[in-house]
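Fold and geometry: a report
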Amino acid sequence: QKEVEQNSGPLSVPEGAIASLNCTYSDRGSQSFFWYRQYSGKSPELIMSIYSNGDKEDGRFTAQLNKASQYVSLLIRDSQPSDSATYLCAVRGRNTGKLIFGQGTTLQVKP
Amino acid sequence: GAVVSQHPSRVICKSGTSVKIECRSLDFQATTMFWYRQFPKQSLMLMATSNEGSKATYEQGVEKDKFLINHASLTLSTLTVTSAHPEDSSFYICSAGDSPYEQYFGPGTRLTVT
């Protein structure tokens, strides 16, 4: 089992729809969770961090964390073509402080 | 968020030569920086943790004598790829954070070894 798992996609949604990206992790003691967006040929950009169970909203983005289910998700409302990118889920290791990345989910928003 | 820069953004070198990549934290001090490598259509793989004033910690399978890391100041870490070969061609990215919780990535360095 991979430490951080994501569906590689591609996930295709029409413009204006809600895109839902999911991530599961194996280390139950993990405390910090992050979503990065990566455009082709560019480095990742931090878009959301979440540390507590529940929802965290920032503009069109909502991160959801369920530690009991070891599950973290990212919702993008009113999806735009400019949201088309690969979204990387990252989990901070319990003791090391290192980020462990999932393989990323490619999102395509079609006009 | 914190700003991290890298130089150069692109480099092409001949097989057998060495290449140095710089990572700088521009508006904060970073006692720890991280170096990643990313091959096409793959996720980021952590290579090593760079610690200011001490030796870097390398991940399993990463050759420390091939990928030399120097973190001589609180704002600068360097990665030197020694005796580069075509299989070392990749996208190298560093990260750092101004808090214990969040990491920000530099823009990356695309290395091509011919």
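The structure reproduced in this document is the subject of the present report.

This part covers the interface of chain A and chain B. Facing 19 residues of chain A, the contacting portion of chain B comprises 20 residues. Each partner contributes to the roughly 1,400 Å² buried at the junction of chain A and chain B, and carbon and sulfur atoms together form 53% of this total. Of all residues in chain A, the largest losses of buried area upon contact with chain B belong to Ser43, Lys98 and Phe101 of chain A, amounting jointly to 31% of the total for that side. There are one salt bridge connecting chain A and chain B. For the salt bridge of Lys98 of chain A with Glu59 of chain B, the shortest nitrogen-to-oxygen distance reads 2.8 Å. Counting the contacts that link chain A with chain B gives six residue pairs in polar contact (both at pLDDT 80 or more). Within the residue set of the side of chain A that touches chain B, elements represented by two or more residues are β4 (32-38), β5 (45-50), β9 (85-92) and β10 (99-101) of chain A. Of the residues contributing to the side of chain A that touches chain B, the split by class is eight nonpolar, eight polar and three charged.

With that settled, consider the nonpolar core. Tyr36 and Phe101 of chain A together with Tyr36 and Leu111 of chain B are the most contacted members of the largest nonpolar core, which totals 39 residues. Among the elements that take part in this core, strand β9 (residues 90-96) of chain B stands out by supplying five residues, more than any other. Excluding residues that lie within four positions of it along the chain, Phe101 of chain A makes contacts with Val4, Tyr36, Leu88, Cys89 and Ala90 of chain A together with Tyr36, Ser43, Leu44 and Phe105 of chain B. Listed in part, the 24 residues of the second largest apolar core include Val4, Val13, Ala17 and Val91 of chain A.

In this section: the pattern of salt bridges. Opposite charge on two side chains permits them to pair, given that their charged atoms come into close proximity. Residue and element names in this part refer to chain A. Within the structure shown, the criterion is met by six salt bridges over all chains. A salt bridge links Arg60 to Asp83, with the nearest nitrogen and oxygen atoms 2.9 Å apart. Here the residue Arg60 occupies a position in the loop between β6 (54-58) and β7 (61-66), and Asp83 occupies one in the loop between β8 (71-76) and β9, the gap between them amounting to 23 residues. Classification of Asp83 as buried rests on a relative accessible area of 1%.

So, on to the packing of aromatic side chains. Evaluated as defined, the whole model comprises eight aromatic pairs over all chains. Aromatic pair Tyr25 of chain A and Phe33 of chain A: ring centres 4.8 Å apart, planes at 45 degrees, arrangement tilted. You'll find Tyr25 of chain A and Phe33 of chain A in the same group, each marked buried. When the centroid spacing of 5.4 Å and the interplanar angle of 55 degrees are considered together, the rings of Tyr36 of chain B and Phe105 of chain B count as tilted. Placement of Tyr36 of chain B in strand β4 (residues 32-38) and of Phe105 of chain B in strand β10 (residues 104-105) is noted, with a sequence separation of 69 residues between them. Across the pair, Phe105 of chain B and Tyr36 of chain B agree in class, each one buried. Sitting above the plane of the Phe61 of chain A ring, Arg60 of chain A keeps its charged end 5.6 Å from the centroid. Directly above the aromatic system of Phe67 of chain B lies the positively charged group of Lys66 of chain B, at a separation of 5.9 Å from the ring centroid.

Rules used throughout
- Residues numbered from 1 in each chain as written.
- Chains lettered and ligands numbered in written order.
- Predicted model: local features only at pLDDT ≥ 70, side-chain atom pairs only at ≥ 80, totals over all residues.
- Heavy atoms only, no water.
- Contact = heavy atoms within 4.5 Å.
- Buried area = accessible area lost by both parts, 1.4 Å probe.
- Salt bridge = Lys/Arg side-chain N within 4 Å of Asp/Glu carboxyl O.
- Polar contact = N/O pair within 3.5 Å; in protein donor to acceptor, adjacent residues only side chain to side chain.
- Helix = DSSP H or I, 4+ residues; strand = E, 2+ residues; numbered from the N terminus.
- Nonpolar A, V, L, I, M, F, W, Y, C, P; charged D, E, K, R; others polar.
- Core = buried A, V, L, I, M, F, W, Y, C linked by side-chain atoms within 4.5 Å.
- Buried < 20%, exposed > 50% of the residue type's maximum accessible area, 1.4 Å probe, protein only.
- Phe/Tyr/Trp six-rings, centres within 6.5 Å; stacked < 30°, edge-to-face > 60°.
- Lys NZ or Arg CZ within 6 Å of the ring centre and 35° of its normal.

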